[in-house]
Amino acid sequence: MRWIILALCTWCLATAASAQDRAAVERQFQAWLQNTIWPAAKAKGVSRRTMQQAFDGVTLNWKLPDLVPPGTAAQTPKRQKQAEFGSPGKYFNANSVQGATSVGRQMARRHAATLARVEAETGVPGRIILAIWGRESGYGQVPIRHDAFQVLGTKGFMSTRANYFTEELIAALQIAEAGHAPSDSLKSSWAGALGQPQFMPSNFLAYAADGNGDGKADIWTSPEDTIASIGTFLAQHGWVVGRDWGFEVSVPKSVSCALEGPDQGRPIHDWSAMGITRVSGKTFPKHEMSGEGYLMMPSGRNGPAFVVTPNFYVLKDYNKSDLYALFVGHVGDRIQYGVGDFNGRWGNVGNLYRSDVATMQRALEQQGHDVGGADGLPGYKTRRSIGRWQQASGRAPTCFPEVGMKSALKP
């Protein structure tokens, strides 16, 4: 019994110490708001009243990811839950794709006039705008529950990207000062993104647009403003009018998967001459043939392959993930053209810890490969580096990290 009491006492002391530590950090947070954030916000035209309303009763949210409390070091979790870190195919689960498609078709009919007008003004196809809207907020149906100032304040004060979130916090205060939000309460995602298009505050200030002519840019409650804002974002990031986002293709074994990437582009007629064909059996559109195209194989030889256009990388400006851009393009095509699932099937890959991939990346770096940084993410630079290593070592190139490589690729 005595050891149980001792153990309970030890736990109580640890809990009390932890509470004291958090209380101290909370005091540091409040001091940071007054000494760092308030002067910066004031310089941007934010009033004391807006500052006080924004942080009235706000404390740190200790449940947010990637936090680095004062006096601690950043840690990379062993398991990563986001889809991009697992099998690429999981990103395209049937419920997500079919839901975004079916509701997207309803929205296409409901907002046909607005979509047509925004497409005429920006050059961005309505189907692409719809697919982003669906992916970001379920066409406005997904509830957004977090307090934006708590999220941005917490991450600005103690996260792995503190400077970035501090800037976004100042932008959010500017939004509140200008009265853009429909209420005093500014809600966001767990990452601080706002409204139906899930704009970070700085993107709202730069790209939010009035789609219904009422003189406001209301991305919280107005579908018309949401549509116009997404179109404006993509247009100002370089959407090429008249070009598609990309095409699913069949890549013969004679074409190396290591040719992937936006820095290895060539005219689409060159890819066609190498034996790459569309899986639909159709030829590439005539107007696309002389345009730049890029090989994109998100799971190497273990899944669908694509020849994408510069517009694919404009979609990546909205979200840096290859899979996100691919999802948007694919759902947009399903909404407008009624296409089915990808012809290529996703292989059973991606069941590695992020730390395992990072180890492989460091080994490849030591051999002179550019993997884009040892971050544990199998981006295109990592995929093609694996393919080049496989070729050089007499292996069949698959261009994707696999369990069997762990013993062969160690720093």
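Predicted model only: the values in this text are computed from it and were never measured. (Residues numbered from 1 in each chain as written. Predicted model: local features only at pLDDT ≥ 70, side-chain atom pairs only at ≥ 80, totals over all residues. Heavy atoms only, no water.)

Enquirer: If you had to explain the overall build of the protein to someone new, which residues and values would you point to?
Expert: Assigned secondary structure in the protein consists of 14 helices and seven strands. The C-alpha atoms of the protein give 24 Å as radius of gyration, which agrees with the globular expectation for 411 residues (22 Å, within 12%). In terms of principal-axis extent, the alpha carbons of the protein reach across some 70 × 65 × 40 Å. The proportion of buried residues among the 411 residues of the protein is 48%. Considering only residue pairs separated by 6 or more positions, the protein has 68% of its internal contacts joining residues 24 or more positions apart. (Helix = DSSP H or I, 4+ residues; strand = E, 2+ residues; numbered from the N terminus. Rg over C-alpha atoms; globule rule 2.2 N^0.38 Å. Buried < 20%, exposed > 50% of the residue type's maximum accessible area, 1.4 Å probe, protein only. Contact = heavy atoms within 4.5 Å.)

Enquirer: Tell me about the pairing of strand β6 (residues 292-296), residues and numbers included.
Expert: By the criterion of burial, β6 is predominantly enclosed, with four of the five residues buried. With two bridges connecting them, strand β4 (residues 266-267) and β6 associate as antiparallel partners. For P267, the partnering residue across the bridge sits in β6 and is E292. Of the strand pairs in this sheet, β6 and strand β7 (residues 305-308) are connected by three bridges, and their pairing is antiparallel. Bridging across to β7, L295 finds its partner in V307. (Pairing = 2+ DSSP bridges.)

Enquirer: Outline the packing of aromatic side chains, listing residues and values.
Expert: Any pair of aromatic rings gets described here by the distance separating the centres and the angle formed by the planes. This structure, assessed with the given rule, holds 23 aromatic pairs. Note on F92 and F342: the rings are 5.5 Å apart at their centroids and 70° apart in plane angle, and the pair reads as edge-to-face. Here F92, found in the loop between α2 (48-55) and α3 (94-110), pairs with F342, found in the loop between α12 (322-337) and α13 (354-366); they are 250 residues apart in sequence, far enough to count as distant. Accessibility classification places F92 together with F342 in one group, the buried group. On the basis of an interplanar angle of 65° and a centroid distance of 4.9 Å, the ring pair of F233 and Y318 is categorised as edge-to-face. Highlighted residues: F233 in helix α9 (residues 223-236) and Y318 in helix α11 (residues 310-318), separated in sequence by 85 residues. A single burial state applies to F233 and to Y318, both of which are buried. By the ring-pair criterion, three or more aromatic residues cluster together here, those being Y91, F92, W245, F306, F327, F342 and W346. In this structure, K155 packs its charged tip against the face of F165, placed 5.1 Å from the ring centre. (Phe/Tyr/Trp six-rings, centres within 6.5 Å; stacked < 30°, edge-to-face > 60°. Lys NZ or Arg CZ within 6 Å of the ring centre and 35° of its normal.)

Enquirer: So what about the nonpolar core? Which residues, and what values?
Expert: Core analysis: the largest hydrophobic core is formed by 76 residues, its most contacted members being F55, I128, I132, L173, L234 and L315. With eight residues, the top contributor of residues to this core is α12. Core analysis: the second largest hydrophobic core is formed by 14 residues, C257, I268, V307 and C399 among them. (Core = buried A, V, L, I, M, F, W, Y, C linked by side-chain atoms within 4.5 Å.)

Enquirer: So what's going on with the pattern of salt bridges? Which residues, and what values?
Expert: Side chains bearing opposite charge may pair, as long as their charged atoms lie close to each other. For the coordinates displayed, the defined rule picks out 12 salt bridges. Here D263 and R384 are joined by a salt bridge, their closest N and O atoms 2.6 Å apart. Of the two residues, D263 is situated in the loop between β3 (246-250) and β4 and R384 in helix α14 (residues 380-392); the sequence distance between them amounts to 121 residues. What makes D263 partly exposed here is its relative accessible area of 47%. K320 is the salt-bridge partner of D317, the closest N and O atoms lying 3.9 Å from each other. A residue is classified by how much of its surface remains accessible, and D317, at 31% relative accessible area, is partly exposed. One network of salt bridges, in which partners are shared, links E260, K316, D322 and R383. (Salt bridge = Lys/Arg side-chain N within 4 Å of Asp/Glu carboxyl O.)

Enquirer: Explain the pairing of β7 to me, using residue names and the numbers behind them.
Expert: Residues A305 and V307 line one face of β7 and the alternating positions F306 and V308 line the opposite face, and both faces are buried. Sheet topology note: the β3/β7 ladder contains four bridges and is antiparallel. From the neighbouring strand, V249 faces β7, where its bridge partner is A305.

Enquirer: Tell me what's going on with the side chain of T114, and back it up with residues and numbers.
Expert: Assignment of secondary structure puts T114 in helix α4 (residues 112-122). T114 has contacts with E224 and I227, leaving out every residue within four places of it along the chain.

Enquirer: An account of the sheet that holds β7 is needed here, citing residue identities and associated values.
Expert: Strand pairing in a sheet is mediated by backbone hydrogen bonds. Such pairs are either parallel or antiparallel. Spatial strand order, β4-β6-β7-β3-β5: five strands in an open sheet with antiparallel pairing. Of all the strands in the sheet, just β4 and β5 (277-278) have a single pairing partner and so form its edges. In the packing of α11 onto the sheet, the strands contacted are β6 and β7, and the crossing angle to β6 comes to about 65°. (Axes fitted to C-alpha atoms, helices over the stretch in contact; angles between N-to-C directions.)

Enquirer: Quick rundown of α13? Include the residues and the values.
Expert: Helical geometry: 3.6 residues make up each α-helical turn, so side chains three or four residues apart lie on a common side. Across its 13 residues, α13 extends 19 Å between first and last C-alpha, which sits within 8% of the 18 Å expected from 1.5 Å per residue. For α13, every residue scored as buried is listed here: D356, V357, A358, M360, Q361, A363 and L364. Looking at the buried residues of α13, the elements they touch are α14. The positive-phi residue at the C-terminal boundary of α13 is G368, with phi of around 95°. (Expected span 1.5 Å × (residues − 1).)

Enquirer: Tell me what's going on with the environment of K216, and back it up with residues and numbers.
Expert: Following the sequence through the fold, K216 ends up in the loop between α8 (201-207) and α9. Assessed through its relative accessible area of 55%, K216 is described here as exposed. When residues no more than four places from it in sequence are discounted, the contact partners of K216 are A209, D210 and D225.

Enquirer: Help me get a handle on helix α7 (residues 162-178), residues and values and all.
Expert: Across its 17 residues, α7 extends 25 Å between first and last C-alpha, which sits within 8% of the 24 Å expected from 1.5 Å per residue. At the C-terminal side of α7, G179 shows a positive phi close to 75°.

Enquirer: Can you tell me about the confidence of the model for the protein, naming the residues and giving the values?
Expert: Looking at the protein, the pLDDT average stands at 91 and 92% of residues meet or exceed 70. Note on residues 1-17: pLDDT is under 50 here. Beyond four places in sequence and across chains, it has zero contacts. Here residues 78-84 scores under 50 on pLDDT; set against residues more than four positions off or in separate chains, the count is 10 contacts. (pLDDT = per-residue confidence, 0-100.)

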